[in-house]
Amino acid sequence: MRGSPLFLCFFSVSCWVNLMPTAGDRIFHFGACRVSMSMTEIRAGFTAIKANIQSRDPIRTLSILSHPHSLHKVKSSDRCCITYQLFTFYVDKVFKHCRTEDLFVNRKISSIANSFLSTRRKLGQCHEQNNCMCGEESTEKLKQILANYEGLNVTSAAMKSLGELDILLDWMEKSR
């Protein structure tokens with residue numbers, strides 16, 4: 001079995017490479033959970049469509065995420081839970097209702113949605129292992145966000161939430 005040590009070495013290196021974050025990925029700490037994600041890719045996609053999406057928002061006086069109690073002062077222990085819940089909110093409610101006549105914008109939305117889906121899966125693993133507990137504070141903050149969202153028609157609420165994505169991304173980077 002001459003090839004066995006060589007195979008074992010190759011296999012070990014390939015596993016190590018697969019576990020390392022890819023170029024542009026950063027490690028985020030959400031409470032007890034550590035998740036790698038490409039914030040650069042998400043930001044670039046959002047920046048490319050931000051003006052287009054925000055121009056579709058007729059209600060400038062209301063915010064979904066930026067309510068005085070929404071994301072500010074979240075306890076470290078609640079960050080995993082609220083992040084997981086917000087990624088679920090964006091995947092399940094926001095992205096599926098953000099369609100435009102512009103193919104470029106739709107592709108960027110799809111790319112951002114895929115990044116969110118991937119990160120939500122990683123956060124979901126923490127959640128399933130009970131490393132991502134939901135306290136009363138995160139539950140209340142999510143209820144407020146959902147109330148803000150559900151106060152509008154589905155398309156307007158989805159476009160407004162997508163237009164506010166930078167609020168979520170800024171919060172994630174600050175709490176990193």
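Our subject is the structure that appears above.
Residues numbered from 1 in each chain as written. Predicted model: local features only at pLDDT ≥ 70, side-chain atom pairs only at ≥ 80, totals over all residues. Heavy atoms only, no water.

Caption draft 1: Quick peek at the nonpolar core. One finds Tyr90, Phe116, Leu162, Leu165, Leu168 and Met172 to be the most contacted residues of the largest nonpolar core, which totals 47 residues. At the level of secondary structure, the elements contributing two or more residues to this core comprise strand E1 (26-30), strand E2 (33-37), helix H2 (39-55), helix H3 (79-94), helix H4 (103-128), helix H5 (136-150), helix H6 (154-163) and helix H7 (165-174). In terms of residue count, H3 provides more of this core than any other element does, 10 residues in total. Sequence-distant contacts of Leu168, that is, excluding residues within four places in its chain, are made with Leu65, Leu71, Leu86, Phe87, Tyr90 and Phe116. (Core = buried A, V, L, I, M, F, W, Y, C linked by side-chain atoms within 4.5 Å. Buried < 20%, exposed > 50% of the residue type's maximum accessible area, 1.4 Å probe, protein only. Helix = DSSP H or I, 4+ residues; strand = E, 2+ residues; numbered from the N terminus. Contact = heavy atoms within 4.5 Å.)

Caption draft 2: Region of interest: H2. In this model, H2 (17 residues) spans 24 Å end to end at C-alpha, consistent with the 24 Å of a helix rising 1.5 Å per residue. The largest bend along H2 reaches roughly 50 degrees and is located at Ile49. Buried within H2 we find Met39, Ile42, Gly45, Phe46, Ile49 and Ile53. Where the residues of H2 are buried, they touch E1, E2, H4, H6 and H7. (Expected span 1.5 Å × (residues − 1). Bend = angle between axes of the 7 residues up to and from the residue.)

Caption draft 3: Looking closely at the pattern of salt bridges. In total, this model carries 10 salt bridges according to the counting rule given. In this structure, Asp57 and Lys160 form a salt bridge, with 2.5 Å as the shortest nitrogen-oxygen distance. One end of the pair, Asp57, is in the loop between H2 and H3; the other, Lys160, is in helix H6, and 103 residues separate them in sequence. Residue Asp57 is classed as buried on the basis of its relative accessible area, which comes to 13%. Linking Glu137 and Lys141 is a salt bridge whose minimum nitrogen-to-oxygen distance equals 3.9 Å. Of this pair, Glu137 and Lys141 both sit in helix H5, separated by four residues, roughly a single helical turn. Taking the relative accessible area as the measure of exposure, Glu137 reaches 22% and is therefore partly exposed. Put simply, Arg26, Arg43, Asp170 and Glu173 are held in one network by salt bridges that share partners. (Salt bridge = Lys/Arg side-chain N within 4 Å of Asp/Glu carboxyl O.)

Caption draft 4: Layout of the state of the cysteines. Under the counting rule described, the total for this entry stands at two disulfides. A disulfide bridge connects Cys33 with Cys126, and the sulfur atoms are separated by 2.3 Å. Taken together, the residues Cys33 in strand E2 and Cys126 in helix H4 connect sequence positions 93 residues apart. Across this residue pair, the class does not change: Cys33 and Cys126 are buried. (Disulfide = S-S within 2.5 Å.)

Caption draft 5: Region of interest: the packing of aromatic side chains. With the rule as written, the count across this model stands at seven aromatic pairs. On the basis of an interplanar angle of 50 degrees and a centroid distance of 5.6 Å, the ring pair of Tyr90 and Phe116 is categorised as tilted. Residue Tyr90 is found in helix H3, and its partner Phe116 is found in helix H4; the two are separated by 26 residues along the sequence. Residue Tyr90 shares its accessibility class with Phe116, and that shared class is buried. Summarising the aromatic geometry, the rings of Phe95 and Phe116 are spaced 5.3 Å apart at their centres and angled 80 degrees between planes, so their arrangement reads as edge-to-face. Linking Phe95 in the loop between H3 and H4 with Phe116 in helix H4, this pair joins segments that are 21 residues apart in sequence. Judged by relative accessible area, Phe116 falls into the buried class, the value being 0%. (Phe/Tyr/Trp six-rings, centres within 6.5 Å; stacked < 30°, edge-to-face > 60°.)

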